[in-house]
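Tertiary structure, described
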Amino acid sequence: MAHLDFAERGADLELAGIHKRFPGFTAIESLDLTIPAGSFFALLGPSGCGKTTTLRLVAGLEEPTSGRIRIGGVDVTDVTAYRRPVNTVFQSYALFPHLSILENVAFGLKRRKIADPLGLAHEALRLVELDHLAGRRPAQLSGGQQQRVALARAIVNRPALLLLDEPLGALDLKLRRQMQLELKSIQTEVGLTFLHVTHDQEEAMTMADTVAVMNKGRIEQLGAPEELYELPRTAFVATFLGQSNLFTGDVVAGNPNSITVDVGGTAIVVPLDRAAKHTGTVSVGVRPEKVALHRSAPAPDGERNVLGAGRVVDVSYTGVSTQYLVEVPGIAGRLTVFAQNSGVGHSASLGDEVWLSWRVEHGFGLADEAEAPARFDDDTDTTALAAQERAALQTELEEA
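An account of the accompanying structure is given in this report. In this text, all values refer to a predicted model and were calculated from it rather than measured experimentally.

**Concerning the overall build of the protein**
Assigned secondary structure in the protein consists of nine helices and 20 strands. Look at the contacts in the protein between residues 6 or more apart in sequence, and 69% of them connect residues 24 or more apart.

**Notes on the packing of aromatic side chains**
The final tally for this structure, using the stated rule, is five aromatic pairs. Between the aromatic rings of Phe96 and Phe107, the centroid separation amounts to 4.7 Å while the plane-to-plane angle is 50 degrees, which identifies the pairing as tilted. Separated by 11 residues along the polypeptide, Phe96 in the loop between β6 (86-90) and α2 (101-111) and Phe107 in helix α2 bring together distant segments of the chain. Take Phe96: its relative accessible area is 26%, and that puts it in the partly exposed class. For the pair Phe236 and Phe240, a centre-to-centre distance of 5.4 Å together with 5 degrees between the ring planes defines the contact as stacked. A residue pair is termed a helical-turn pair when its members lie 3 or 4 positions apart in one helix, as Phe236 and Phe240 do in helix α8 (residues 235-240) at four residues. Judged by relative accessible area, Phe236 falls into the buried class, the value being 0%. For Phe240, a relative accessible area of 5% gives the class buried.

**Section: helix α1 (residues 51-59)**
Judged by how many residues are buried, α1 sits mostly within the fold: nine of nine residues are covered. For α1, the full list of buried residues reads Lys51, Thr52, Thr53, Thr54, Leu55, Arg56, Leu57, Val58 and Ala59. Two residues or fewer past α1, Gly60 is found with a positive phi of approximately 90 degrees.

**Structural notes on the pattern of salt bridges**
Tallied over the entire structure, the rule returns 16 salt bridges. Among the ionic pairs, Glu29 bridges to Arg218, the shortest N-O distance being 3.2 Å. Here Arg218 lies in strand β10 (residues 218-223) and Glu29 lies in strand β2 (residues 25-35), a separation of 189 residues in the sequence. The class of Glu29 is partly exposed, set by a relative accessible area of 32%. Since its relative accessible area comes to 40%, Arg218 is described here as partly exposed. Across the pair Glu230 and Lys290 runs a salt bridge, and its minimum N-O distance is 3.6 Å. Of this pair, Glu230 sits in helix α7 (residues 225-230) while Lys290 sits in the loop between β14 (281-286) and β15 (292-294), and the two are 60 residues apart along the sequence. The exposure class assigned to Glu230 is partly exposed, which follows from its relative accessible area of 27%. Beyond isolated ion pairs, a larger network of salt bridges with shared partners links Lys20, Arg56 and Glu62.

How each quantity is defined
Residues numbered from 1 in each chain as written. Predicted model: local features only at pLDDT ≥ 70, side-chain atom pairs only at ≥ 80, totals over all residues. Heavy atoms only, no water. Helix = DSSP H or I, 4+ residues; strand = E, 2+ residues; numbered from the N terminus. Contact = heavy atoms within 4.5 Å. Phe/Tyr/Trp six-rings, centres within 6.5 Å; stacked < 30°, edge-to-face > 60°. Buried < 20%, exposed > 50% of the residue type's maximum accessible area, 1.4 Å probe, protein only. Salt bridge = Lys/Arg side-chain N within 4 Å of Asp/Glu carboxyl O.

What follows is the structure, encoded as C-alpha coordinates:
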(Lines give C-alpha, C1' and ligand atoms only; values in the text may rest on other atoms or scores of the structure.)
Protein backbone atom coordinates (compact mmCIF):
# COMPACT_ATOMS: atom_id res chain seq x y z
CA MET A 1 0.00 0.00 0.00
CA ALA A 2 1.11 3.54 -0.70
CA HIS A 3 1.64 5.76 2.29
CA LEU A 4 -0.57 8.85 2.52
CA ASP A 5 1.15 11.57 4.55
CA PHE A 6 -1.53 13.28 6.59
CA ALA A 7 -1.12 16.68 8.14
CA GLU A 8 -3.32 15.40 10.96
CA ARG A 9 -2.93 11.83 12.17
CA GLY A 10 -6.18 11.53 14.04
CA ALA A 11 -7.40 12.85 17.35
CA ASP A 12 -9.07 11.53 20.44
CA LEU A 13 -12.82 11.91 20.91
CA GLU A 14 -14.42 12.62 24.26
CA LEU A 15 -18.13 12.55 25.06
CA ALA A 16 -18.71 13.90 28.57
CA GLY A 17 -22.06 13.66 30.36
CA ILE A 18 -24.04 13.43 27.11
CA HIS A 19 -27.83 13.35 27.33
CA LYS A 20 -30.10 13.55 24.30
CA ARG A 21 -33.83 13.79 24.73
CA PHE A 22 -36.47 13.95 22.01
CA PRO A 23 -40.16 14.65 22.61
CA GLY A 24 -41.51 11.53 24.30
CA PHE A 25 -38.30 9.57 24.78
CA THR A 26 -34.66 9.70 25.79
CA ALA A 27 -32.22 8.52 23.11
CA ILE A 28 -28.98 8.82 25.10
CA GLU A 29 -28.61 8.90 28.86
CA SER A 30 -25.46 9.72 30.84
CA LEU A 31 -22.98 8.82 28.11
CA ASP A 32 -19.32 9.23 29.02
CA LEU A 33 -16.90 7.90 26.43
CA THR A 34 -13.27 8.51 25.48
CA ILE A 35 -11.84 7.14 22.23
CA PRO A 36 -8.03 7.38 22.03
CA ALA A 37 -6.40 8.98 19.00
CA GLY A 38 -5.52 6.53 16.24
CA SER A 39 -7.78 3.74 17.49
CA PHE A 40 -10.45 1.73 15.69
CA PHE A 41 -13.47 1.95 17.98
CA ALA A 42 -16.80 0.19 17.41
CA LEU A 43 -20.13 1.26 18.89
CA LEU A 44 -22.22 -1.91 18.79
CA GLY A 45 -25.88 -2.40 19.54
CA PRO A 46 -29.34 -3.24 18.18
CA SER A 47 -31.61 -0.88 16.27
CA GLY A 48 -32.90 1.93 18.45
CA CYS A 49 -30.15 1.73 21.07
CA GLY A 50 -28.78 5.23 20.38
CA LYS A 51 -25.87 4.43 18.03
CA THR A 52 -26.96 6.66 15.17
CA THR A 53 -27.97 9.48 17.50
CA THR A 54 -24.45 9.34 18.95
CA LEU A 55 -23.01 9.49 15.43
CA ARG A 56 -25.17 12.54 14.62
CA LEU A 57 -24.02 14.28 17.78
CA VAL A 58 -20.36 13.71 16.91
CA ALA A 59 -20.95 14.83 13.31
CA GLY A 60 -22.64 18.02 14.54
CA LEU A 61 -26.08 17.25 13.12
CA GLU A 62 -27.73 17.07 16.53
CA GLU A 63 -27.12 19.10 19.65
CA PRO A 64 -26.89 17.32 22.99
CA THR A 65 -29.52 18.20 25.56
CA SER A 66 -26.59 18.41 27.96
CA GLY A 67 -22.92 17.45 27.99
CA ARG A 68 -19.83 18.32 25.95
CA ILE A 69 -18.10 16.88 22.87
CA ARG A 70 -14.34 17.30 22.41
CA ILE A 71 -12.18 16.28 19.46
CA GLY A 72 -8.44 16.45 20.04
CA GLY A 73 -9.09 18.28 23.28
CA VAL A 74 -11.06 21.04 21.51
CA ASP A 75 -14.68 21.58 22.57
CA VAL A 76 -16.77 21.26 19.38
CA THR A 77 -20.18 21.02 21.04
CA ASP A 78 -21.30 24.33 19.52
CA VAL A 79 -19.28 24.04 16.29
CA THR A 80 -21.32 23.55 13.10
CA ALA A 81 -21.01 20.25 11.23
CA TYR A 82 -18.99 21.49 8.25
CA ARG A 83 -16.36 23.06 10.52
CA ARG A 84 -15.68 19.86 12.46
CA PRO A 85 -12.63 17.73 11.50
CA VAL A 86 -14.94 14.80 10.81
CA ASN A 87 -15.95 12.79 7.72
CA THR A 88 -18.50 10.01 7.36
CA VAL A 89 -18.63 6.83 5.24
CA PHE A 90 -22.14 5.51 4.62
CA GLN A 91 -23.65 2.13 3.82
CA SER A 92 -25.00 3.51 0.52
CA TYR A 93 -21.60 4.91 -0.66
CA ALA A 94 -23.26 8.24 -1.73
CA LEU A 95 -21.06 8.59 -4.84
CA PHE A 96 -21.94 11.01 -7.64
CA PRO A 97 -22.93 8.79 -10.60
CA HIS A 98 -22.09 11.39 -13.28
CA LEU A 99 -18.51 11.92 -12.07
CA SER A 100 -15.49 9.68 -12.55
CA ILE A 101 -13.98 7.92 -9.56
CA LEU A 102 -11.13 10.44 -9.51
CA GLU A 103 -13.54 13.38 -9.65
CA ASN A 104 -15.64 11.85 -6.85
CA VAL A 105 -12.62 11.67 -4.57
CA ALA A 106 -11.40 15.16 -5.51
CA PHE A 107 -14.84 16.78 -5.23
CA GLY A 108 -14.57 18.00 -1.64
CA LEU A 109 -11.01 19.21 -2.14
CA LYS A 110 -12.05 21.33 -5.14
CA ARG A 111 -14.94 22.88 -3.22
CA ARG A 112 -12.55 23.86 -0.44
CA LYS A 113 -10.00 25.12 -2.99
CA ILE A 114 -7.27 22.77 -1.74
CA ALA A 115 -4.09 22.82 -3.82
CA ASP A 116 -3.52 19.90 -6.23
CA PRO A 117 -6.89 18.15 -5.61
CA LEU A 118 -6.35 15.59 -8.39
CA GLY A 119 -2.91 14.65 -7.12
CA LEU A 120 -4.24 14.12 -3.62
CA ALA A 121 -7.18 12.14 -5.02
CA HIS A 122 -4.81 9.85 -6.93
CA GLU A 123 -2.84 9.32 -3.72
CA ALA A 124 -6.00 8.38 -1.79
CA LEU A 125 -7.06 5.99 -4.55
CA ARG A 126 -3.63 4.33 -4.47
CA LEU A 127 -4.11 3.82 -0.74
CA VAL A 128 -7.31 1.82 -1.38
CA GLU A 129 -5.69 0.16 -4.43
CA LEU A 130 -8.10 1.61 -6.99
CA ASP A 131 -6.04 4.24 -8.80
CA HIS A 132 -6.02 2.07 -11.92
CA LEU A 133 -9.80 2.59 -12.12
CA ALA A 134 -9.69 6.38 -11.61
CA GLY A 135 -11.33 7.14 -14.96
CA ARG A 136 -14.37 4.87 -14.48
CA ARG A 137 -17.83 5.85 -13.25
CA PRO A 138 -19.32 4.38 -10.04
CA ALA A 139 -21.76 2.17 -11.98
CA GLN A 140 -18.80 0.38 -13.56
CA LEU A 141 -17.46 -0.76 -10.18
CA SER A 142 -18.48 -3.58 -7.85
CA GLY A 143 -20.05 -2.87 -4.47
CA GLY A 144 -16.79 -3.45 -2.66
CA GLN A 145 -14.91 -1.15 -5.03
CA GLN A 146 -17.51 1.58 -4.59
CA GLN A 147 -17.17 1.29 -0.82
CA ARG A 148 -13.40 1.73 -1.12
CA VAL A 149 -13.95 4.84 -3.27
CA ALA A 150 -16.26 6.24 -0.59
CA LEU A 151 -13.53 5.56 1.96
CA ALA A 152 -10.90 7.29 -0.21
CA ARG A 153 -13.19 10.30 -0.61
CA ALA A 154 -13.53 10.57 3.17
CA ILE A 155 -9.84 10.00 3.93
CA VAL A 156 -8.57 12.49 1.34
CA ASN A 157 -10.08 15.33 3.38
CA ARG A 158 -7.66 14.47 6.20
CA PRO A 159 -10.23 14.33 8.99
CA ALA A 160 -9.09 13.92 12.56
CA LEU A 161 -12.00 11.51 13.02
CA LEU A 162 -13.68 9.18 10.53
CA LEU A 163 -17.25 8.02 11.23
CA LEU A 164 -18.35 4.71 9.68
CA ASP A 165 -22.14 4.33 9.58
CA GLU A 166 -22.91 0.61 8.93
CA PRO A 167 -20.46 0.87 5.99
CA LEU A 168 -20.55 -2.79 4.92
CA GLY A 169 -24.25 -3.53 5.35
CA ALA A 170 -25.02 -3.55 1.62
CA LEU A 171 -22.33 -6.09 0.72
CA ASP A 172 -22.67 -9.86 0.48
CA LEU A 173 -21.14 -12.03 3.21
CA LYS A 174 -17.88 -12.95 1.42
CA LEU A 175 -17.20 -9.38 0.30
CA ARG A 176 -18.13 -8.01 3.70
CA ARG A 177 -15.53 -10.21 5.38
CA GLN A 178 -12.91 -9.19 2.84
CA MET A 179 -13.71 -5.49 3.38
CA GLN A 180 -13.50 -5.92 7.16
CA LEU A 181 -9.85 -6.88 6.80
CA GLU A 182 -9.16 -4.16 4.26
CA LEU A 183 -10.73 -1.44 6.42
CA LYS A 184 -8.67 -2.49 9.40
CA SER A 185 -5.52 -2.51 7.26
CA ILE A 186 -6.26 0.97 5.89
CA GLN A 187 -6.97 2.35 9.36
CA THR A 188 -3.63 1.02 10.58
CA GLU A 189 -1.90 2.53 7.55
CA VAL A 190 -3.33 6.05 7.84
CA GLY A 191 -3.48 6.25 11.63
CA LEU A 192 -6.84 8.03 11.75
CA THR A 193 -9.32 7.63 14.57
CA PHE A 194 -12.21 5.45 13.33
CA LEU A 195 -15.61 5.40 15.05
CA HIS A 196 -17.56 2.51 13.57
CA VAL A 197 -21.30 2.25 14.30
CA THR A 198 -22.78 -1.19 13.63
CA HIS A 199 -25.27 -3.82 14.78
CA ASP A 200 -23.09 -6.63 13.35
CA GLN A 201 -21.21 -8.37 16.17
CA GLU A 202 -18.73 -10.16 13.89
CA GLU A 203 -17.92 -6.92 12.09
CA ALA A 204 -17.23 -5.08 15.34
CA MET A 205 -15.09 -7.86 16.80
CA THR A 206 -13.09 -8.39 13.59
CA MET A 207 -12.08 -4.77 13.05
CA ALA A 208 -12.16 -2.84 16.32
CA ASP A 209 -9.47 -2.42 18.95
CA THR A 210 -12.19 -1.55 21.44
CA VAL A 211 -15.94 -2.29 21.37
CA ALA A 212 -18.63 -0.50 23.37
CA VAL A 213 -21.91 -2.44 23.58
CA MET A 214 -24.79 0.02 23.73
CA ASN A 215 -28.27 -0.69 25.08
CA LYS A 216 -31.14 1.76 25.63
CA GLY A 217 -28.95 4.85 25.36
CA ARG A 218 -26.21 3.64 27.70
CA ILE A 219 -22.87 1.86 27.37
CA GLU A 220 -23.52 -1.60 28.80
CA GLN A 221 -19.89 -2.75 28.65
CA LEU A 222 -16.70 -1.54 27.00
CA GLY A 223 -13.46 -3.36 26.31
CA ALA A 224 -11.37 -5.35 23.86
CA PRO A 225 -13.44 -7.78 21.72
CA GLU A 226 -11.93 -10.86 23.40
CA GLU A 227 -12.63 -9.45 26.86
CA LEU A 228 -16.28 -8.74 26.09
CA TYR A 229 -16.81 -12.17 24.58
CA GLU A 230 -14.97 -14.20 27.20
CA LEU A 231 -16.18 -12.24 30.22
CA PRO A 232 -19.52 -10.49 29.63
CA ARG A 233 -20.77 -8.59 32.68
CA THR A 234 -24.47 -8.35 31.87
CA ALA A 235 -27.09 -10.65 30.38
CA PHE A 236 -27.55 -8.26 27.46
CA VAL A 237 -23.87 -8.41 26.50
CA ALA A 238 -23.77 -12.18 26.99
CA THR A 239 -26.69 -12.72 24.61
CA PHE A 240 -26.15 -9.90 22.10
CA LEU A 241 -22.45 -10.54 21.55
CA GLY A 242 -22.67 -14.17 20.48
CA GLN A 243 -24.72 -16.87 22.21
CA SER A 244 -24.62 -17.91 25.86
CA ASN A 245 -26.14 -20.57 28.07
CA LEU A 246 -27.38 -18.71 31.16
CA PHE A 247 -28.54 -20.18 34.47
CA THR A 248 -29.96 -18.42 37.51
CA GLY A 249 -29.72 -19.71 41.07
CA ASP A 250 -28.66 -18.93 44.63
CA VAL A 251 -25.05 -18.85 45.82
CA VAL A 252 -24.82 -21.75 48.28
CA ALA A 253 -21.08 -21.86 48.94
CA GLY A 254 -17.93 -19.88 48.40
CA ASN A 255 -14.20 -19.86 49.02
CA PRO A 256 -11.31 -17.52 48.12
CA ASN A 257 -11.26 -18.95 44.58
CA SER A 258 -14.85 -19.62 43.54
CA ILE A 259 -18.56 -19.47 44.23
CA THR A 260 -21.05 -22.34 43.92
CA VAL A 261 -24.53 -21.70 42.56
CA ASP A 262 -27.48 -24.08 42.97
CA VAL A 263 -29.17 -24.36 39.55
CA GLY A 264 -32.13 -26.70 39.64
CA GLY A 265 -30.43 -28.91 42.20
CA THR A 266 -27.10 -28.99 40.36
CA ALA A 267 -24.01 -27.25 41.75
CA ILE A 268 -22.38 -24.88 39.22
CA VAL A 269 -18.95 -23.54 40.19
CA VAL A 270 -17.65 -20.20 38.83
CA PRO A 271 -14.22 -18.65 39.54
CA LEU A 272 -14.48 -15.73 41.94
CA ASP A 273 -12.59 -13.38 39.63
CA ARG A 274 -14.99 -14.21 36.77
CA ALA A 275 -18.14 -13.47 38.78
CA ALA A 276 -19.56 -9.95 39.06
CA LYS A 277 -21.75 -10.94 42.06
CA HIS A 278 -20.71 -13.26 44.88
CA THR A 279 -23.85 -13.55 47.03
CA GLY A 280 -27.61 -13.92 46.73
CA THR A 281 -29.35 -14.84 43.48
CA VAL A 282 -27.01 -14.69 40.52
CA SER A 283 -26.92 -15.62 36.86
CA VAL A 284 -23.97 -17.60 35.55
CA GLY A 285 -23.18 -18.71 32.05
CA VAL A 286 -20.94 -20.47 29.56
CA ARG A 287 -20.48 -20.06 25.80
CA PRO A 288 -21.84 -22.95 23.64
CA GLU A 289 -18.46 -23.80 22.10
CA LYS A 290 -16.98 -24.33 25.59
CA VAL A 291 -19.50 -27.08 26.35
CA ALA A 292 -18.71 -30.75 25.69
CA LEU A 293 -21.34 -33.36 24.83
CA HIS A 294 -21.11 -36.81 26.47
CA ARG A 295 -23.03 -40.02 25.74
CA SER A 296 -22.50 -41.21 29.35
CA ALA A 297 -22.12 -39.41 32.67
CA PRO A 298 -18.58 -37.99 33.08
CA ALA A 299 -16.74 -38.91 36.24
CA PRO A 300 -16.71 -35.93 38.67
CA ASP A 301 -13.21 -34.44 39.01
CA GLY A 302 -13.76 -31.01 40.58
CA GLU A 303 -12.46 -29.19 37.51
CA ARG A 304 -15.62 -29.45 35.41
CA ASN A 305 -19.26 -28.54 35.81
CA VAL A 306 -21.63 -31.30 34.70
CA LEU A 307 -25.33 -31.11 33.78
CA GLY A 308 -27.53 -34.05 32.87
CA ALA A 309 -28.85 -36.32 31.94
CA GLY A 310 -30.65 -34.38 29.21
CA ARG A 311 -32.05 -35.10 25.78
CA VAL A 312 -31.09 -33.76 22.35
CA VAL A 313 -34.14 -31.99 20.87
CA ASP A 314 -32.55 -30.43 17.77
CA VAL A 315 -29.45 -30.97 15.61
CA SER A 316 -28.26 -28.40 13.04
CA TYR A 317 -25.25 -28.90 10.78
CA THR A 318 -23.55 -25.55 10.10
CA GLY A 319 -20.38 -26.63 8.26
CA VAL A 320 -17.47 -26.16 10.66
CA SER A 321 -19.62 -27.20 13.59
CA THR A 322 -22.87 -28.87 14.58
CA GLN A 323 -25.32 -27.12 16.89
CA TYR A 324 -27.16 -29.25 19.44
CA LEU A 325 -30.10 -28.08 21.50
CA VAL A 326 -30.49 -30.03 24.73
CA GLU A 327 -33.24 -30.04 27.34
CA VAL A 328 -32.18 -30.90 30.89
CA PRO A 329 -34.84 -31.53 33.58
CA GLY A 330 -34.81 -28.79 36.20
CA ILE A 331 -32.98 -26.32 33.92
CA ALA A 332 -35.06 -23.58 32.32
CA GLY A 333 -34.78 -23.29 28.55
CA ARG A 334 -32.80 -25.26 26.02
CA LEU A 335 -29.03 -25.42 26.25
CA THR A 336 -26.90 -24.87 23.15
CA VAL A 337 -23.73 -26.81 22.32
CA PHE A 338 -21.41 -26.12 19.37
CA ALA A 339 -19.34 -29.19 18.49
CA GLN A 340 -16.52 -28.89 15.94
CA ASN A 341 -16.91 -31.20 12.96
CA SER A 342 -13.35 -32.50 13.25
CA GLY A 343 -14.15 -36.17 12.90
CA VAL A 344 -12.94 -36.74 16.45
CA GLY A 345 -15.19 -37.40 19.44
CA HIS A 346 -18.72 -38.61 19.86
CA SER A 347 -21.60 -37.11 17.92
CA ALA A 348 -25.20 -37.31 19.04
CA SER A 349 -28.51 -37.73 17.27
CA LEU A 350 -31.97 -36.35 17.81
CA GLY A 351 -33.52 -37.93 20.93
CA ASP A 352 -30.24 -39.20 22.41
CA GLU A 353 -29.62 -39.02 26.14
CA VAL A 354 -26.56 -36.84 26.81
CA TRP A 355 -24.63 -35.08 29.56
CA LEU A 356 -23.05 -31.64 29.23
CA SER A 357 -19.83 -30.46 30.84
CA TRP A 358 -17.44 -27.48 30.76
CA ARG A 359 -14.29 -26.49 32.55
CA VAL A 360 -14.88 -24.31 35.62
CA GLU A 361 -12.58 -21.56 34.32
CA HIS A 362 -14.75 -21.13 31.22
CA GLY A 363 -17.82 -20.02 33.19
CA PHE A 364 -18.73 -16.44 34.07
CA GLY A 365 -21.07 -14.70 36.50
CA LEU A 366 -23.20 -11.69 35.59
CA ALA A 367 -23.95 -8.46 37.43
CA ASP A 368 -27.67 -8.84 36.63
CA GLU A 369 -30.05 -11.75 36.07
CA ALA A 370 -30.71 -13.66 32.88
CA GLU A 371 -34.17 -12.16 32.39
CA ALA A 372 -32.76 -8.64 32.35
CA PRO A 373 -31.67 -7.99 28.75
CA ALA A 374 -33.79 -5.52 26.78
CA ARG A 375 -33.74 -6.46 23.11
CA PHE A 376 -35.08 -4.40 20.21
CA ASP A 377 -35.21 -7.03 17.46
CA ASP A 378 -38.99 -6.85 17.10
CA ASP A 379 -39.34 -3.13 17.84
CA THR A 380 -40.28 -1.81 14.41
CA ASP A 381 -40.65 1.75 15.67
CA THR A 382 -37.03 1.99 16.80
CA THR A 383 -35.82 0.20 13.67
CA ALA A 384 -37.66 2.73 11.50
CA LEU A 385 -36.31 5.59 13.58
CA ALA A 386 -32.73 4.38 13.12
CA ALA A 387 -33.22 4.11 9.35
CA GLN A 388 -34.69 7.62 9.19
CA GLU A 389 -31.80 9.00 11.21
CA ARG A 390 -29.23 7.38 8.91
CA ALA A 391 -30.96 8.82 5.83
CA ALA A 392 -31.09 12.28 7.41
CA LEU A 393 -27.43 12.05 8.42
CA GLN A 394 -26.34 11.23 4.88
CA THR A 395 -28.44 14.02 3.31
CA GLU A 396 -27.26 16.67 5.72
CA LEU A 397 -23.59 15.80 5.39
CA GLU A 398 -23.78 15.79 1.59
CA GLU A 399 -25.36 19.25 1.67
CA ALA A 400 -22.69 20.49 4.08
